[in-house]
Amino acid sequence: MESEKKQISRRSFLKGTTMGAVAIAGTSVLAGCGAKPEVASGLPEKWDKETDIIVIGFGGAGASAAIGAREAGAEVVILEKQAVMGGSTAVSGGVFYASNTSVQKSFGIEDSADKMYEHYMNAGMGFNDPKLSRIAADQSAANIERLIALGVTFPTAPTVAGAEYHVGSEPIARVHSVVYGDMTGGGAYFRALADGAEKAGAEVLTETEVKELLVDASGQVVGVKAVSGGKDMFIKARKGVIISTGGFTRSEEMLKTYNEQAFYCQPLGAPNLTGDGIRMAFMLGAAAFNIDEVLGIPGLTLPGKIAATYAFWTFGTAPAILVNSRGDRFVDEYGFYDWKNTELLKQPGRFAYSVFDATTRDTGKGMIVAGFSDDLEQEVADGLVLKADTLADLAAQMGVPEDRFEATIAKWNEDAKAGKDTNFNRALFLNPIETAPFYAFKTFPTMFDTMGGLKINENAQVIHLSGNVIPRLYAVPMAAGGVLGEHYPGSGSALNAGMTFGLIAGKHAAGLEAVS
């Protein structure tokens, strides 16, 4: 009970919008608790390059920021530390969560921004910023039209995300699948925005890593110190700097400090999510918002692969159940993926087993886990998949109590044959597990990205711990928090948030008077 109290206390502490956790970043942050940030370092005698607006990070949000700034007439330079652009956006599913769109209407789907906002608030459970969630809902339809203008098509009907069922929202089909030319998925979405940014005239410098935000004597962010080709590079921003570096799934230090849930998840997606932009803003005394939430999915990591490969049941392609180390089911295996990931994190040891039989093996060929063989024999030989002729033998290999495991399977089979899951109301693939051989593989919580970050206002300006804005500094989701709260509202919500506030940041910064 005492440990539970400590966990609750820590979680409540981390949820605060001014984020006492920021102080953990170091005493240098504490020194910046006045009305304006401390000067990060001395300004150079001569700038190597000048522009109106610097965008740090070239994913979907960064591209959107560049487009917004260029449309408002500002000169833009995008700095990307990797040789390959796209970040999390490029490796995402490439779907876009939006309401009241022309695409929905063409398929006869009735929706409104009000209903989407209501769902955001239901999913957020009090841990999102209503102003930001409102803006994201209101702007989502216009975002779809902008994507169409960029050449994106939406040939298939939007679908229901599934998160709605967990939080009492009306299930409305808002998940729009992106197609750009002959491309689909996250690569298509990023390419459309990247082409838009480059056609608008944004300059892109790859393999240029920003190390520091530079602040003048009046507390304004006026540029950055970067490293390119092994050499320091000082770039002046006459109007503003926009942080679009995503979250920090690849920074063990930041995960330990700010996000216990994410620390116990295996990272998916982009390898460059090291929290650079968030850390640099913290050094200026920036506040944070909802930084301890994570967006994830149950899965496993295959040897030699950077990203985890998803367990087959995640996307509803074949029957299976999840069993924890006690031998019990604990969730609707076909519920919304982020919800399942949250429940998986609560299990003993923070893992479970995906359990299925020979019928599933035969009917789910190519869908059990991407990259697995059809007969699973190679995976069995490699030790990735357990195989047994009896449930008792499988339980022994899994290390779970035989009697409870067999009772769990018996109850599942009884419910499956009756057509009703009496434990978790699972509605899909109620198929019994009764045909030997039986299989199981260890399943872990994973993460696409962290869901919170820097605290921003409705203009995407970064907020200082004092409550004032840090002049000329902006941040966009997923480097910023507030649009999303306790639970992820649906696939494509992060893309909508990034595009919405990227455009806002770019336009607002472009409207500032240039510093001399």
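Residues numbered from 1 in each chain as written. Predicted model: local features only at pLDDT ≥ 70, side-chain atom pairs only at ≥ 80, totals over all residues. Heavy atoms only, no water.

So, the confidence of the model for the protein
This is how it is decided: Known as pLDDT, the predictor's confidence for each residue is given on a scale from 0 to 100. Two residues form a contact once any of their heavy atoms are found within 4.5 Å.
Confidence along the protein averages 89 in pLDDT terms, with 88% of residues attaining 70 or more. Low pLDDT, under 50, characterises residues 1-35; the predicted model gives this stretch 61 contacts beyond four residues in sequence or across chains. Note on residues 312-316: pLDDT under 50 across the span, and 28 contacts to partners over four residues away in sequence or across chains.

Quick look at the packing of aromatic side chains
To be explicit about the condition: Each pair of aromatic rings taken from Phe, Tyr and Trp, with Trp reduced to its six-membered ring, is defined by centres within 6.5 Å and is described as stacked if the planes are under 30 degrees apart, edge-to-face if over 60, and tilted in the remaining cases. Working definition: with a 1.4 Å probe on protein chains only, accessible area under 20% of the residue-type maximum means buried, over 50% means exposed, and in between means partly exposed. Strands here are runs of E lasting at least two residues and helices are runs of H or I lasting at least four, both read from the DSSP assignment and numbered beginning at the N terminus. For a Lys NZ or an Arg CZ to count as sitting over a ring, it must be within 6 Å of the ring centre and within 35 degrees of the ring normal.
Scanning the entire structure with this criterion turns up 13 aromatic pairs. Aromatic pair Phe 351 and Tyr 353: ring centres 5.9 Å apart, planes at 85°, arrangement edge-to-face. Accessibility classification places Phe 351 together with Tyr 353 in one group, the buried group. Ring centres of Phe 356 and Phe 441 lie 6.1 Å apart, and the angle between their planes is 65°; on these two criteria the pair is classed as edge-to-face. In this pair, Phe 356 sits in strand S17 (residues 352-357) while Phe 441 sits in strand S19 (residues 438-450), placing the two residues 85 residues apart along the sequence. Each member of the pair, Phe 356 as well as Phe 441, carries the same accessibility label: buried. These aromatic residues form a ring-pair network of at least three members: Phe 356, Phe 372, Tyr 439 and Phe 441. The side chain of Arg 350 reaches across the aromatic face of Tyr 264, ending 3.6 Å from its centre. One cation-aromatic arrangement involves Lys 442 over Phe 351; the distance from NZ or CZ to the ring centre is 4.3 Å.

Overview of the pattern of salt bridges
So the rule is basically this: What counts as a salt bridge is simple: a side-chain nitrogen of Lys or Arg found within 4 Å of a carboxyl oxygen of Asp or Glu.
Within this structure, the stated rule accounts for 26 salt bridges. For Asp 114, the salt bridge is made with Arg 134, and the minimal N-O distance between the two is 2.8 Å. Here Arg 134 lies in helix H7 (residues 130-149) and Asp 114 lies in helix H6 (residues 113-124), a separation of 20 residues in the sequence. What makes Arg 134 partly exposed here is its relative accessible area of 25%. Residue Glu 198 pairs with Arg 191 through a salt bridge whose shortest N-O separation is 3.8 Å. Glu 198 sits in the partly exposed class, given a relative accessible area of 35%. Looking at Arg 191, the relative accessible area reads 23%, which means it is partly exposed. Linked by salt bridges that have partners in common, Glu 50, Asp 52, Glu 75 and Arg 238 make up one network.

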